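So the chains spell out like this:
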Amino acid sequence: MAVEFKDYYEVLGVPRGASQDDIRRAYRKLAREYHPDLNRDSDAEERFKELGEAYEVLSDPNKRERYDRLGAQWQAQERAPGGGGDFEEFFDRKGFGDGVRFEFGDGDVSDFFSRLFGNGAGMRSSGPLRGLDREALLELSLEDAVAGGRRRLTVDDGRSIDANFPAGVRDGQLIRLAGQGAPGRDGGPPGDLYLRVRLKPHSTFRRQGDDLDVDLPVAPWEAALGATVPVPTLTGTARVKVPAGSSSGRRLRLRGRGLAKQGGGHGDLHAIVKITVPKHLSDEQQELFEKLAEVSDFDPRKGRS
Amino acid sequence: MNEELVELSVIARRAGIRVTLVRRYVEFGLLEPASRTSEEPLFAPSAASRLAKAERLRRDLGLNYAGAVLACELLDRIRALEDQAR
């Protein structure tokens, strides 16, 4: 694997002749900017690690001297005719390996760092510590939230995972998956992964907290005479009794047919009566409606000026 | 989340740090025991990630304990405001 040269001065944004104070100041400022607990951009953590590595080298006079010496030689060779190649080849040719055998794959430092300072020359450690928590958005239809299931998700660090979620999750709920966050430092335990539930708007049901509203179209005679009609629910179909004399807007409650509530139980489903009139009438229907108009003394606008 | 409350030593293990360090953060007010009914104070399981966050900030940014606790509290406030704005 090619090991690329890393310009630690550029990482910290300081000139090559920067003093130790300049380097410390630059590091502290950038560390506050890119610390993964403060900056939620997905690339902040990578940037923060890079900063730590650059500071580790440049803040230590011995490491800085070695880095300056080898770095200058590597870059001079790259500019020379017929030069080039990667840092690893350079080391092999110049024999700067110092007899150290390298095993790449230490997650905390770059290959470049390991190559330069030897395997096991990790970062200054301050002891084990649990890793960062992660978060992923779990966007669900109302049906899925009621039923539960499994979903492929993108975590905020860019990973994809398959996560199971239980039946009856609520909007805004956080589901904790223990130990599925970022790995710990120096042998510390990993963080947790939180799934943040967001319920998507539904074409049929309108969500009001744990309750649901659904329109219930009824014919004028059903509304006037009363009827028992089917109404869709999240899990299928129920039947609801429309009492005689129901006007549009009447809310008919189906208890417990809403969404899961925090602490147990379910919200309600409200079927909202919506009187719907046929667009075309047959001659006979026309006649019957006219007759109804004649015999009725009902004034829906009574009391209005 | 209705998760069981846990002892300080469990929180320390889950955070990957020493019990004495957890006690120090409790003194600085980072964690409030969720219950004091038993002999030992009990904490919500989420206390472990809160502790780890404070300790990361303290170590990585050269803060003292009070500064790390303050940073955590401000981050909580920012988070709450962001959630409201969503």
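Thresholds applied
- Just so you know, the residues in each chain are numbered from 1, in the order the chain's sequence is written.
- Here the convention is simple: chains get letters from A, ligands get numbers from 1, in the order in which they are written.
- For this predicted model, a pLDDT threshold of at least 70 governs which residues receive local features, and a threshold of 80 or more governs which side-chain atom pairs are given and counted, while totals over whole chains, interfaces and linings are taken from all residues.
- Where side-chain values are given, they derive from all heavy atoms of the structure, hydrogens and water being excluded.
- Secondary structure elements are defined from DSSP: runs of H or I of at least 4 residues count as helices, runs of E of at least 2 residues count as strands, and each element is numbered from the N terminus.
- Type-normalised accessible area, obtained with a 1.4 Å probe on protein chains alone, sets the label of each residue: buried when under 20%, exposed when over 50%, and partly exposed for intermediate values.
- Note on contacts: a residue pair qualifies if any of its non-hydrogen atoms lie within 4.5 Å across the two residues.
- Computed with a 1.4 Å probe, the accessible areas rest on the Shrake-Rupley method; for each residue, only the protein chains presented here act as cover.
- Any two of the Phe, Tyr and Trp rings considered here, Trp counted by its six-membered ring, make a pair once their centres fall within 6.5 Å; the pair's planes then place it as stacked at under 30 degrees, edge-to-face at over 60, or tilted in between.
- Here a strand pair is declared whenever DSSP counts at least two bridges between the two strands.
- Axis geometry follows a simple rule: fit a line to the C-alpha atoms, using only the stretch in contact for helices, then measure angles between N-to-C directions, giving values from 0 to 180 degrees.
- Accessible-area loss on putting two parts together, using a 1.4 Å probe and summing over both, is the definition of buried area adopted here.
- When a carboxyl oxygen of Asp or Glu is within 4 Å of a side-chain nitrogen of Lys or Arg, the pair counts as a salt bridge.
- As used throughout, domain bounds are those supplied by an automatic or database domain assignment.
- Pairs of N or O atoms are called polar contacts if they sit within 3.5 Å, as long as, within protein, a hydrogen donor faces a hydrogen acceptor (for residues adjacent in sequence, only side-chain-to-side-chain pairs).
- Only Asp, Glu, Lys and Arg are considered charged in this grouping, and only Ala, Val, Leu, Ile, Met, Phe, Trp, Tyr, Cys and Pro are considered nonpolar; every other residue, Gly among them, is considered polar.
- The cut-offs work like this: below 35 degrees is roughly parallel, past 145 is roughly antiparallel, 65 to 115 is roughly perpendicular, and the gaps in between are oblique.
- Helix crossings fall into two classes, left-handed where the near helix is turned counterclockwise from the far one by less than a right angle and right-handed where it is turned clockwise.

### Section: the overall build of chain A
When its secondary structure is counted, chain A shows nine helices and eleven strands. Counting the 305 residues in chain A, one finds 39% classified as buried. Counting contacts in chain A only where the partners sit at least 6 residues apart, residues at least 24 apart contribute 52% of the total. Carbon and sulfur atoms make up 47% of the accessible area of chain A, which amounts to about 17700 Å² in all.

### Looking at the packing of aromatic side chains
Residue and element names in this part refer to chain A. Under the criterion given, the structure shown has six aromatic pairs over all chains. For the ring pair phenylalanine 5 and tyrosine 67, a centre distance of 5.9 Å and an interplane angle of 5 degrees mean the geometry is stacked. Taken together, the positions of phenylalanine 5 in the segment before helix 1 (8-12) and tyrosine 67 in helix 4 (residues 61-79) put the pair 62 residues apart, joining distant regions of the chain. Of the two residues examined, phenylalanine 5 and tyrosine 67, each falls in the buried class. An angle of 35 degrees between the planes, with centres 4.8 Å apart, marks the rings of tyrosine 8 and tyrosine 67 as tilted. Taken together, the residues tyrosine 8 in helix 1 and tyrosine 67 in helix 4 connect sequence positions 59 residues apart. Each member of the pair, tyrosine 8 as well as tyrosine 67, is classed as buried. Counting every residue linked through ring pairs, the aromatic cluster contains Phe5, Tyr8, Tyr9 and Tyr67.

### Some words on the sheet that holds strand 6 (residues 206-208) of chain A
All names here are of chain A. One open sheet holds the four strands; their spatial order is 6-7-11-10, and the pairing between them is mixed. This sheet does not close on itself; its edge strands, each paired only once, are strand 6 and strand 10 (251-254). The sheet shows a mean angle of 35 degrees between the axes of neighbouring strands, taken without regard to direction.

### Quick word on the interface of chain B and chain A
When the parts come together, some accessible area is lost, and that loss is often what is quoted as the size of the interface. Listed as interface residues are 22 residues of chain B and, on the opposing side, 24 residues of chain A. Of the roughly 2000 Å² buried between chain B and chain A, counting both surfaces, carbon and sulfur atoms make up 48%. Together, Arg56(B), Arg59(B) and Asp60(B) form the three largest contributors to the area buried by chain B at its contact with chain A, with a combined 30%. Where chain B packs against chain A, one counts four salt bridges.

### Looking at the domain arrangement of chain A
Residues and elements named next belong to chain A. Considered domain by domain, chain A is made up of domain 1 (8-121), domain 2 (134-199) and domain 3 (205-295). Each of domain 2 and domain 3 has a C-alpha centre, and these two points are 37 Å apart. Contacts between the two partners involve seven residues from domain 2, matched on the other side by nine residues from domain 3. At the boundary of domain 2 with domain 3, total buried surface from both sides reaches about 720 Å², with 72% on carbon and sulfur atoms. Viewed at the interface, domain 3 and domain 2 are joined by one residue pair in polar contact (both at pLDDT 80 or more). At three residues, the largest contribution of residues to the side of domain 2 that touches domain 3 is made by helix 7 (residues 142-147). Class assignment for the residues of the side of domain 2 that touches domain 3 results in three nonpolar, one polar and three charged.

### Looking at the packing of helix 2 (residues 20-34) of chain A against helix 3 (residues 44-58) of chain A
All names here are of chain A. Close contact between helix 2 and helix 3 brings their axes to 10 Å; oriented N to C, the two are set at 165 degrees. With respect to their mutual orientation, helix 2 and helix 3 come out roughly antiparallel. Of the two elements, helix 2 crosses helix 3, and the hand of that crossing is left-handed. Residues Gln20, Ile23, Arg24, Tyr27, Leu30, Ala31 and Tyr34 of helix 2 pack against Ala44, Arg47, Phe48, Leu51, Gly52, Tyr55 and Leu58 of helix 3.

### Thoughts on the environment of Arg58(B)
Residues and elements named next belong to chain B. By the secondary structure assignment, arginine 58 is in helix 3 (residues 47-61). As a C-alpha pair, arginine 58 and arginine 14 span 44 residues in sequence and 18 Å in three-dimensional space. Of note is the side chain of arginine 58, whose polar atom sits 2.9 Å from the side chain of glutamate 55.

### Side note on the pairing of strand 10 of chain A
Each regular strand displays side chains that alternate between the two surfaces of the sheet. All names here are of chain A. Burial along strand 10 is one-sided: the residues Leu252 and Leu254 are buried and none of Arg251 and Arg253 is. Note that strand 10 and strand 11 (residues 269-275) share four bridges and pair antiparallel. Residue pairing for strand 11: arginine 253 is matched across the bridge by histidine 270.

### Concerning the side chain of Arg130(A)
Positionally, Arg130(A) belongs in the loop between helix 6 (111-117) and strand 1 (134-140). Arg130(A) gets classed as buried once you look at its relative accessible area, which sits at 5%. From its side chain, Arg130(A) meets the backbone oxygen of Arg14(B) in a polar contact 3.3 Å long.

### A short note on the sheet that holds strand 4 (residues 174-177) of chain A
Residue and element names in this part refer to chain A. In spatial order, the strands read 1-5-4; together these three strands make up an open sheet with mixed pairing. The strands lining the two open edges of the sheet, one partner per strand, are strand 1 and strand 4. Pairwise comparison of adjacent strand axes, ignoring direction, gives a mean angle of 25 degrees for this sheet. Where strand 4 meets strand 5 (residues 193-199), four bridges bridge the pair, whose relative direction is antiparallel. Paired with leucine 177 across the bridge in strand 5 is leucine 193.

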